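Summary of the model geometry
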Amino acid sequence: MKYSLSLTVNDEQYNLLVEASHTLMEVIRDGIGLTGTKCGCEDGRCGTCTVLLDGELVKSCLVLGLQAQGKSVLTIEGLGTPDHLHPLQIAFLEHGAVQCGFCTPGMLLTAKKLLDENPNPTEEDIRHTLVGNLCRCGVYTHATRAILSVARKS
Amino acid sequence: MKVVGTSPKRIDGIEKVTGAAQYTGDIVLPRMIFGKIKRSPLAHAKILSIDTRKAEQVPGVRAVITAADLPDVRLGVLTRDEYLLAHDTVRFVGEPIAAVAADTPEIAREACEQMTVEYEELPALFDPEEAIALDPPVVLHEDYEEYERLIELAEMDKRPPNLWQAYRIRHGDIDAAFHTAEAEGGFILENRYMTGYVHTTCMEPRAAVAQWGPDGTLTVWAGGQSPYIARDGLSRALGLPPSKVRVIVPFVGGAFGGKLTVHEGAIAAALAKKARRPVKVVLTREEEFTTTSARTPFIFSIKDAVSHDGVLLGRKILSIFWGGAYSGEGFLKPIFSTHLYPGSYRLPALWVDSYGVYTNRIAGGALRGYGCAESAWAVETQMDIIARTCHIDPVALRMKNLLTEGERTAITMPAHAFSAHECLTKCAEAIEWGTPSEQPGHPWYRGKGIALGNKYSFAPTAASVDVKVHEDNTYELRTSAVDLGQGAYTVLTQIVADEFGVEIERVKLVTPDTAITPFDHVAGSSRQTFHTGNATRLACADATRQMRQEAAPQLGVDPDKLDVSGGRIFVKENPARFIEVGDLFVVEMLAGKRPAAVEIFGKATWEVSASPHDPNTGQGEHPMAYMGHGAQAAEVEVNVETGQVRVLKFVSAIDVGKAMNPQGVEMQNFGGACMGIGIALHEEMCFDEKGRMTNSNLEAYKIPTIIEMPRSESMQSIIVEVPHQQGPYGAKGAGEIVVVPTSPALGNAVYDAIGVRIWDLPLTPEKIVKVWQAKQREGGSA
Ligand code: FES
Ligand code: FES
């Protein structure tokens, strides 16, 4: 049976009918069609599906869609646009923190949350926060440098 | 203005940071449905019957297929030993048996569960050393002799029935080498090594979308390493002429060797045909682990003859590649793994026997370094042991035995662009080799380790590139080289920019699509900068030749007096005399004027031939395209109570001939270090006694997180540039050499810290504690 779900994604309001069993990741990707949120494992262990739900970091494959009722979601598509990139998006490109790009959306949102809360993180803070975002291409060193550079500028 | 040699932002970067990049799993087509694969729960069994009736009745199911729905052909690159869907036998846990397409992935999964398969379980064989016997307890492929094979095995009296590859190197008098060592006070050192059971673990699981056109043309979207290998595989599996198959490569979320074949694409296609709808198949993480490219282990036995002062006299190696149920994507590993041995050191005698065997496990696959990362574990640990045995510094010992430029190696091929000295020297300097680590105190012990590596790039191979010149001074590059994350699109674009003397923004890229982009062999074997780079330069030259030709009458001079740059075709001796690119295209056909140029379209194919691999001697003048070199060093800290290893500092010095994009090289260096650290220290696929993988998720199979990496200021990337005479601008590839020395560098550092060796990768805490405790019992100390 389908249930109605109202939520805001990247400042746009959506009213949808969703299966109770569907995760927020499925709602975002399949229901709304925003595929920047990735699916690397479906069991909360890779971090590629990371989004911000009412400002909190969540792995969207671990949250049911209906749990987002009335809430507001930020996905990678809402972080910045090609014309108005977020400073982290620019820094990731400048510092070479993007290889295949599959982990990038999740990593960027995690980094954004970190800087929102702690504009001046140490490398330890970054390591502690990014530990849930796996990257097989191994961009960790460059991502650290990118995040530190944004922190320094602000 | 030069773009080659600088580091512009990657040209596919904006899409990637904004979430706009479309990967295969993101594709949605009208009326598209979803496929799931029914797999074997047993490691070895006869299939007695498959009953699909209940599955077909599940509401929402649109198609069910088994082997009966497919052409009766075996697949496999050099040994055709595998069916897309099992016929009468399954040989590993996870082998595809049937598939379902349904309105949702959940329904398809449910229908797979509703299928009944009756098996007669057969005894399974997992141990490679048992498998290689002349009378093994189990024979996996009774019909092996009937299989189509495109490669010759080394001669032998009788082939062990589970053997699928045999390769030898024969050089010099190996017995004499051992005699000399013995007679003249030298050393004979014999050890056995094993590499770990690791997995590619791309963050993007394998996926495919298949759609049939009304004319019977199949289009498959699949994020793989080679659209043309994919096209040929689909054509064979489905019995279609190649021209009826179109493969489009969307963004790829990492490959590392794990995305060469497109079995799920062929399954999606067969389902789509039966369901008359587009079908998408996306593998789950568990399917990724249990059924796609694993770097299965090698077992190496090495026996070295060394003079008393550390000169290598001879090396004898027996290696067994622990293959799985099929030759799979590891089909050339027993051969290519041997390329490492002659690549760095002078070996008056080299004697190698290398075998690949079948066992009832997942097929051995490709993973960055294709055999060389494995042989380096054995060879470079052995070099460390030799140094310590002869009381010579490990760097000095290596230097003493290095080849020199132009010298014939133990497989005949001369060493060229031989940069091992420079890589080793710079790497040693950066890690402050010779300065002992500061000791933090028990239970932590620190040490440093270094290792050298080389990585061949295979041949024969070819790449074609097209370049279309647009009237608005824009240059369109059409290539089937795939960007898997390594930055190929950016590097190739940089080349086009320089060849036409324009800014990089003036280059447009058409990404791999077999309907549009020309042949390129594969995004593998570190070959794209080298081969596709050369093809790109030639295609640009072809285009500028046409531009000069077309401009000559307008400028009233011979074409060879003209040059092209920055959107102008100008007289070399008087650049003020020029026309613009747009002037070449003045088309006023309707006014009766002949256009200067209708189409300017540069085309080129770059081909590298090779001397054939002689499976009995391994000798050849030119058996590969080129050989790259690199050295890595690490400082580690080992806790002897918990067995934990922390990498404190890591240096990677690799020779790329010419750094086309220095930041890209650094990304390979650090990315390789990251993967290499995982492979060396903790990655390990585990199996139960029934051959089932027991850690098929990302928590239990642990790839490195940011925590496993040294802090960012302790990572150092060193670029060495010793140009290769055939490389574009002298360049060589960087993609694989960056993981070749990693495991031995770390293993040697662990030895330096605690004074004990571990012979089998990975260097897990349990093994470290165990060897440490054994050493304590024997009364040693660090
Ligand atoms: S898909 Fe959600 S954590 Fe991996
Ligand atoms: S960039 Fe490829 S997984 Fe992170």
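No experiment lies behind these values; they were computed from the predicted model shown.

Thresholds applied
- Residues numbered from 1 in each chain as written.
- Chains lettered and ligands numbered in written order.
- Predicted model: local features only at pLDDT ≥ 70, side-chain atom pairs only at ≥ 80, totals over all residues.
- Heavy atoms only, no water.
- Helix = DSSP H or I, 4+ residues; strand = E, 2+ residues; numbered from the N terminus.
- Rg over C-alpha atoms; globule rule 2.2 N^0.38 Å.
- Buried < 20%, exposed > 50% of the residue type's maximum accessible area, 1.4 Å probe, protein only.
- Contact = heavy atoms within 4.5 Å.
- Domains from an automatic or database assignment.
- Buried area = accessible area lost by both parts, 1.4 Å probe.
- Salt bridge = Lys/Arg side-chain N within 4 Å of Asp/Glu carboxyl O.
- Polar contact = N/O pair within 3.5 Å; in protein donor to acceptor, adjacent residues only side chain to side chain.
- Nonpolar A, V, L, I, M, F, W, Y, C, P; charged D, E, K, R; others polar.
- Pairing = 2+ DSSP bridges.
- Axes fitted to C-alpha atoms, helices over the stretch in contact; angles between N-to-C directions.

The subject of this paragraph is the overall build of chain A. Secondary structure assignment for chain A yields five helices and five strands. Helices and strands in chain A line up, N terminus first, as β-β-α-β-β-β-α-α-α-α. Relative to the compact-globule value of 15 Å for 154 residues, chain A shows a C-alpha radius of gyration of 15 Å, a close match. Along the three orthogonal principal directions, the C-alpha set of chain A runs to about 50 × 30 × 25 Å. Here chain A holds 154 residues, and 60% of them are scored as buried. Considering only residue pairs separated by 6 or more positions, chain A has 57% of its internal contacts joining residues 24 or more positions apart.

All names here are of chain A. Here chain A is described as being made up of domain 1 (2-78) and domain 2 (87-153). The straight-line distance from the C-alpha centre of domain 1 to that of domain 2 is 22 Å. Facing 18 residues of domain 1, the contacting portion of domain 2 comprises 13 residues. With both chains or domains summed, domain 1 and domain 2 bury close to 1200 Å², and 68% of this area falls on carbon and sulfur atoms. On the domain 1 side of the interface with domain 2, the three residues burying the most area are T48, L57 and I76, jointly 36% of the side's total. Between K113 and E56 there is a salt bridge, with its nearest N and O atoms 3.7 Å apart. Inspection of the domain 1/domain 2 interface yields three residue pairs in polar contact (both at pLDDT 80 or more). For the side of domain 1 that touches domain 2, the secondary structure elements donating two or more residues are β3 (50-53) and β4 (56-59). For the side of domain 1 that touches domain 2, the per-class residue count stands at seven nonpolar, seven polar and four charged.

As a further point, take the domain arrangement of chain B. Residues and elements named next belong to chain B. The domain architecture assigned to chain B consists of domain 1 (13-124 + 203-254 + 259-291), domain 2 (294-459 + 612-777) and domain 3 (461-608). Measuring from the centre of the C-alpha atoms in domain 1 to the corresponding centre in domain 2 gives 35 Å. Taken together, the contacts link 25 residues of domain 1 with 22 residues of domain 2. Each partner contributes to the roughly 2000 Å² buried at the junction of domain 1 and domain 2, and carbon and sulfur atoms together form 63% of this total. Put simply, domain 1 and domain 2 have nine residue pairs in polar contact (both at pLDDT 80 or more) between them. It is helix α8 (residues 285-291) that contributes the most residues to the side of domain 1 that touches domain 2, five residues altogether. Residues belonging to the side of domain 1 that touches domain 2 are distributed by class as follows: 11 nonpolar, six polar and eight charged.

A few words now on the sheet that holds strand β2 (residues 45-51) of chain B. Residue and element names in this part refer to chain B. Reading across from one edge, β4-β2-β6 is the order of the three strands in this open sheet, with antiparallel pairing throughout. Of all the strands in the sheet, the pair left with one neighbour each is β4 (89-90) and β6 (116-121). Note that β2 and β4 share two bridges and pair antiparallel. Residue pairing across strands places A45 opposite V90, the latter belonging to β4.

A few words now on the environment of R446 of chain B. Residues and elements named next belong to chain B. Structurally, R446 can be placed in strand β18 (residues 444-458). Separated by 68 residues in the primary sequence, R446 and A378 have C-alpha atoms spaced 23 Å apart. Residues contacting R446, with those up to four places away along its chain left out, are S437, E438, Q439, P440, E635, V636, E637, L648, D752 and A753. Here E637 takes part through its side chain, which lies 2.7 Å from a polar atom of the side chain of R446.

Residue and element names in this part refer to chain A. Judged by pairing direction, the sheet is mixed, and its five strands sit side by side in the order β2-β1-β5-β3-β4 without closing on themselves. Every other strand in the sheet has two partners, leaving β2 (12-19) and β4 as the edge strands with one partner each. Taken pair by pair, the neighbouring strands of this sheet meet at an average axis angle of 40 degrees, ignoring direction. Looking at chain direction, β3 and β4 are connected through four bridges and run antiparallel. Paired with V51 across the two strands is V58, which belongs to β4. Taken strand by strand, helix α1 (residues 24-32) contacts β1 (2-9), β2, β3 and β5 (72-74), and its axis lies near 105 degrees from that of β2. Relative to the sheet, helix α3 (residues 104-117) contacts β3, β4 and β5, its axis offset from that of β3 by approximately 40 degrees.

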